Amino acid sequence: MPSDDLRFLGFFRIVIQVIMKFIQPAKYLYLMMLMAALGLPLMAQPNVQGQWTTMSRTMPINPIHVSLLNNGQVLVVAGSGNNPPNKNLQAAIWNPQTGTTATQTVSWDMFCNGAVLLPDGRVFINGGTQQYNPFFGLPNTSVFNPVNNTFIDLPPTLHGRWYPTLITLGDGRVMTFSGLNETGSTNNTVEIFAPTSGTWSPQYTANFTPPLYPRLHLLPSGKVFYSGSTPRSRYFFPSSHSWSSVIATTNYGGTRTYGSSVLLPLTPANNYKPVVMLLGGGNPATATTETIDLSATTPVWQWGPPMSQPRIEMNAVILPNGKVLAIGGSAQDENASTASYNADLYDPVTNTFSSAGGNAFPRLYHSVALLLPDATIWLAGSNPKRGTYEPHMEIYQPAYLFNPDGSVAVRPTITNAPTTIGWAGSFTVQTPDAATISSVVLVKAGSTTHAFDMDQRLVGLSYVVADSGNLTVTGPPNSNIAPPGYYLLFLLNSAGVPSVASFVQVTAGPDFTITTSPPQQATVPGGTATYTVQLAPSAGYSGTVNLSAINLPTGATATFNPNSISGRGTSALAVNTNGLNPPNFPATFPFTVSATDGTLTRSDTVKLIVNSPGDFSLAASPGSLTITRGGASGQSTITLSPSNGFVGAVNFTVTGSPGPKIIATVSPTSLPGSGTTTLTVLAQTGSVTGNFKLTITGTSGTIVHSTALNLTVQ
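Conventions we followed
Throughout this description, residue numbers start from 1 for each chain and increase along the sequence as written. Two thresholds apply to this predicted model, a pLDDT of at least 70 for residue-level local features and 80 or more for giving and counting side-chain atom pairs, whereas whole-chain, interface and lining totals are computed over all residues. Heavy atoms throughout the structure, all of them, feed into the side-chain values; hydrogens and water do not. Here a helix means four or more residues in a row that DSSP labels H or I, a strand means two or more in a row labelled E, and each is numbered from the N terminus. Put simply, the radius of gyration uses C-alpha atoms, and a globule should come to 2.2 Å times the residue count raised to 0.38. The classification of residues rests on relative accessible area computed with a 1.4 Å probe and restricted to protein chains. Under 20% of the type maximum is buried, over 50% is exposed, and intermediate values are partly exposed. Throughout, a residue-residue contact means that at least one pair of heavy atoms, one from each residue, lies within 4.5 Å. In this tally, Asp and Glu contribute negative charge and Lys and Arg positive charge; neither His nor the terminal groups of the chain are included. To locate a charge, take NZ of a lysine, CZ of an arginine, CG of an aspartate or CD of a glutamate. Distance and chemistry together define a polar contact, namely a pair of N or O atoms within 3.5 Å, with one atom able to donate a hydrogen and the other to accept it when in protein, and with adjacent residues in sequence counting only for side-chain atoms on both sides. What pLDDT conveys is the predictor's confidence in a given residue, as a value from 0 to 100. When DSSP finds at least two bridges between two strands, those strands are taken to pair. Where helices are involved, their axes are fitted lines through C-alpha atoms of the stretch in contact, as for all axes, and angles between N-to-C directions lie from 0 to 180°. Here the term cavity refers to a set of points on a 1 Å grid, laid over the protein atoms alone, in which a 1.4 Å probe fits but cannot get out; the term pocket refers to an open set having protein on both sides within 12 Å along at least five of seven lines, with lining residues being those that place an atom within 4 Å of a point. Grid points are joined across faces, edges and corners, and a volume is the space filled by probe spheres set on the points. Any residue outside Ala, Val, Leu, Ile, Met, Phe, Trp, Tyr, Cys, Pro, Asp, Glu, Lys and Arg is labelled polar, Gly included; the first ten of those are nonpolar and the last four are charged. Any Lys or Arg side-chain nitrogen found within 4 Å of a carboxyl oxygen on Asp or Glu counts as a salt bridge. What counts as a ring pair is set by centres within 6.5 Å for rings of Phe, Tyr and Trp (its six-membered ring), and what kind of pair is set by the plane angle: stacked under 30 degrees, edge-to-face over 60, tilted for all other angles.

**With respect to the overall build of the chain**
In terms of regular secondary structure, the chain is built from 3 helices and 58 strands. A globule of 714 residues ought to have a C-alpha radius of gyration of about 27 Å, and the chain, at 27 Å, matches this closely. Taking the principal axes of the C-alpha coordinates as reference, the chain spans close to 90 × 65 × 50 Å. A burial count over the chain gives 55% of its 714 residues as buried. For the chain, long-range pairs separated by at least 24 residues make up 59% of all intrachain contacts whose partners lie at least 6 apart in sequence. Each charge class in the chain can be summarised by its mean position, and for the 29 positive and 27 negative side chains these summaries are 6 Å apart.

Structure, rendered in structure tokens:
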């Protein structure tokens, strides 16, 4: 169907929704028949299917990755936004209360990253785009602080990760897996980040090659379940850093490309039994679903009920009542004429789908959805074609927000709730509706990209009615069922109507983290490297930490200003190298910034790089090469010229290759201060033809220079 027709149908659907509010009963059936003939979802009373609304304001950047912050706002990360010429790398904060969006620039291309919320409420971002076509991944890592809306860079992973999946483990550490590395190969290793020390673990290599953005879930056992998108399911064991063999194979049998995966609600009623559901995916897409009970001795994938439409690039969102909203996608990938407009609502109790109405705009590649604190769902984005995206945003109000007559239901209210709760212990929630409450749940603040919410889970809580105004609630049993972090606390009444949520932090007690920025800093012998140390308190911490630098190299001294931080704040760290004389350049010295309050110590490991004085330049001769596919290779000499006393090793890389069959290498890959290296380019049979630019980059510590070579393949 032409795009103009799609826009017309989207507009027509909205017009009909307006007309339906005023239509005479005699005309109702006629309009229903007309909508069915046009392939539009049938309208119903909002108490049956809910209600969709298109927001008046639009999103000013491409919403590639979105995370719900603990202040109720949403972090939107675009980076280059799937637009290679775009060098205005951006993120934004969207405010659901006002509908406004505030944009800001970011220092590296966070396009196609992985992200989750750290236990202290900051958004942890790993991976991104080093280059397009072919895609190479970045190892960069940053945290976003919602207190001051700033990004701070952290130490990178060992290798690049483009399309990685991140999840929070039961001890608060963050696991990253998969993604393309800096040469375009799949990174089949796990690395684990410890927020308390600011360090990455060694790499742990998988015994299989994962897909990009693998679907991962933390189970109550502490194991991590890999559910796809490929058909063979496995466990990762964080305690031994190892993977299991295949434990189950899906019935679908193929790759559920850009389908979704959801850990269904963990509740006292089901004894916190872990069941994972797969929805859609594939190209052409499937409407099928499957579930697996991971508490079984021998888990087996079972067919679930089908959705109303096939879905690739879909989203699946857990609602406070435990149902799962399946929305968006299409039958053919990135093909709006096959868009799936019907919204489906899955009930894990009855194992059935029902209709949740229909959204107005095609939601394909790079569409996102999040549960908001008011129990509505925000739907945004769609970017099947580079250089353009769908700016309109939609809000879904589920049926639980309406009375049988279509009027807005009266919600239960939370008049007071703790800001922090622990595991297993009890806490009090004040509500005038205590006698009518039927359910108390925690829903983890979402972080969504590419058809998957990386930390999504709902945890049901046991409770008793203490009196007419109070509930005594028991916290989640352990940190594998509810990993530390921020959750939406909802109360639902006997009619299934949810309250507006309160944010609560699940934690062992008052704590803090420190972040030293930048994660590495450079100077020359006798110079000074400067850093900023930031203290981020959580769970009500209000103490004072004393700062120190540990394991500095001999001859270097550290000064903090101030020497301590109270509650929340920063300190300037200066490392002077007057007495430091490295035998070789560049010299890299890891050291630790430590913050201590009594028996509580948190640390952050950073690097001091001492470069050689002086500089260097690169030149390619010849500056252009013409080679023939399947023919002889071409060569260019790269000359390294030192200046102002430069000495030390320079390492070389080549970027810009237009495809895997055009191989560009340098030999040797490192030079000791001066000399030449040879660039060799070979175009294999079947490679692309055309004019391209290769970039040869030399790196010595933080000194980086490049030279370009024009390549013609014929």
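**Observations concerning the environment of Leu679**
Note on placement: Leu679 falls in strand S56 (residues 675–683). Taking relative accessible area as the criterion, Leu679 reaches 0% and is therefore assigned buried.

**Let's talk about the environment of Tyr132**
Position of Tyr132 relative to the elements: it lies in the loop between strand S7 (123–131) and strand S8 (136–145). Note on Tyr132: relative accessible area 13%, which makes it buried. Taking the C-alpha atoms as reference, Tyr132 lies 25 Å from Gly701; in sequence the two are 569 residues apart. A distance of 3.3 Å separates the side chain of Tyr132 from the backbone nitrogen of Asn82, its partner in a polar contact. There is a polar contact of 3.3 Å between the side chain of Tyr132 and the backbone nitrogen of Asn83.

**A word on unusual backbone geometry**
For the bond from Phe585 to Pro586, the omega torsion is -10°, close enough to zero to count as cis. Looking at the secondary structure, you find Pro586 in the loop between strand S47 (569–576) and strand S48 (587–597). The step from Ser621 to Pro622 runs through a cis peptide bond, and the omega angle for that step is 0°. Residue Glu313 is not a glycine yet carries a positive backbone phi of 70°. Relative to the elements of secondary structure, Glu313 occurs in strand S24 (residues 312–318). Taking the relative accessible area as the measure of exposure, Glu313 reaches 2% and is therefore buried. With a phi angle near 70°, Ala451 is a residue other than glycine that sits in the positive phi range. Inspection of the secondary structure puts Ala451 in the loop between strand S34 (447–449) and strand S35 (452–453). Its relative accessible area of 3% is what places Ala451 among the buried residues.

**Overview of the confidence of the model for the chain**
For residues with low pLDDT, the predicted coordinates do not support detailed interpretation. Put simply, the chain has an average pLDDT of 93, and 94% of its residues get 70 or more. Scored below 50 in pLDDT, residues 1–14 makes 20 contacts in the model with residues more than four places away or belonging to other chains. Of the regions scoring below 50 in pLDDT, residues 16–33 engages in 16 contacts with residues more than four places distant in sequence or in other chains.

**Some remarks on the sheet that holds strand S9 (residues 150–154)**
Strand pairing in a sheet takes place through backbone hydrogen bonds and is either antiparallel or parallel in direction. Strand order in the open sheet formed by 4 strands is S6-S7-S8-S9, with antiparallel pairing between adjacent strands. Looking at strand neighbours, the two that pair on one side only are strand S6 (114–117) and S9, the edges of this open sheet. Across the sheet, the mean angle from the axis of one strand to that of its neighbour is 30°, orientation sign disregarded. Relative to S7, S6 runs antiparallel, the two sharing 4 bridges. Along S7, the bridge assignment pairs Ala115 with Ile125.

**Topic: the side chain of Arg602**
Along the chain, Arg602 falls in strand S49 (residues 600–610). A relative accessible area of 17% places Arg602 in the buried class. A polar contact of 3.1 Å, which involves the side chain of Arg602, links it to the side chain of Asp511.

**Some details on the layout of surface pockets**
Its volume calculated, the second largest pocket comes out at about 640 Å³. As for the second largest pocket, its lining consists of 28 residues, of which Pro265, Thr267, Asn270, Pro348 and Val349 are closest to the centre. For the lining of the second largest pocket, the elements supplying multiple residues, two or more each, are strand S23 (301–303), strand S26 (342–347), strand S33 (437–444) and strand S36 (458–461). Residue contributions to the lining of the second largest pocket peak at 4 residues, all from S33. Looking at the lining of the second largest pocket residue by residue, the class counts come to 15 nonpolar, 10 polar and 3 charged.

**Digging into the pattern of salt bridges**
Considering all chains together, one arrives at 9 salt bridges under this definition. Arg161 is paired through a salt bridge with Glu191; the nearest N and O atoms lie 3.0 Å apart. Highlighted residues: Arg161 in the loop between S9 and strand S10 (165–168) and Glu191 in strand S12 (residues 189–194), separated in sequence by 30 residues. The class for Glu191 is buried, based on a relative accessible area of 1%.

**Structural notes on the packing of aromatic side chains**
Evaluation of the coordinates by the stated rule reveals 24 aromatic pairs. Aromatic pair Phe177 and Phe208: ring centres 6.1 Å apart, planes at 65°, arrangement edge-to-face. Placement of the pair is Phe177 in strand S11 (residues 174–177) and Phe208 in the loop between strand S14 (204–205) and strand S15 (215–218), with a sequence separation of 31 residues. Residue Phe177 is classed as buried on the basis of its relative accessible area of 0%. For the ring pair Phe616 and Phe646, a centre distance of 5.2 Å and an interplane angle of 50° mean the geometry is tilted. Note that Phe616 is positioned in strand S50 (residues 615–621) and Phe646 in the loop between strand S52 (634–643) and strand S53 (649–655), a separation of 30 residues in sequence. Residues Phe616 and Phe646 agree in their burial class; the two are buried. Ring pairing ties together the aromatic residues Phe111, Tyr132, Phe135, Trp162, Tyr163 and Tyr213, which thus form one cluster.

**Topic: the sheet that holds strand S27 (residues 352–358)**
With antiparallel pairing, 4 strands are arranged side by side in an open sheet as S24-S25-S26-S27. Since the sheet does not close on itself, it has two edges, and those belong to S24 and S27, each with one partner. Strand-to-strand twist across the sheet, computed as the mean angle between neighbouring axes with direction ignored, equals 25°. Looking at chain direction, S24 and strand S25 (residues 324–330) are connected through 6 bridges and run antiparallel.

**So, the side chain of Ser330**
In this structure, Ser330 sits in strand S25. Residues in contact with Ser330, not counting those within four places in the same chain, are Ala285, Pro310, Arg311, Ile312, Asn335, Thr338, Ala339, Ser340 and Leu364.

**A few points about the environment of Ser479**
For Ser479, the position within the fold is in the loop between strand S38 (470–474) and strand S39 (485–493). A C-alpha to C-alpha distance of 6.9 Å links Ser479 and Asp171, two positions 308 residues apart in sequence. What Ser479 contacts, discounting residues up to four positions off in sequence, is Gly170, Leu218, Trp423 and Pro484. Among the polar contacts made by the side chain of Ser479, one reaches the main-chain carbonyl oxygen of Gly170 at a distance of 2.9 Å.

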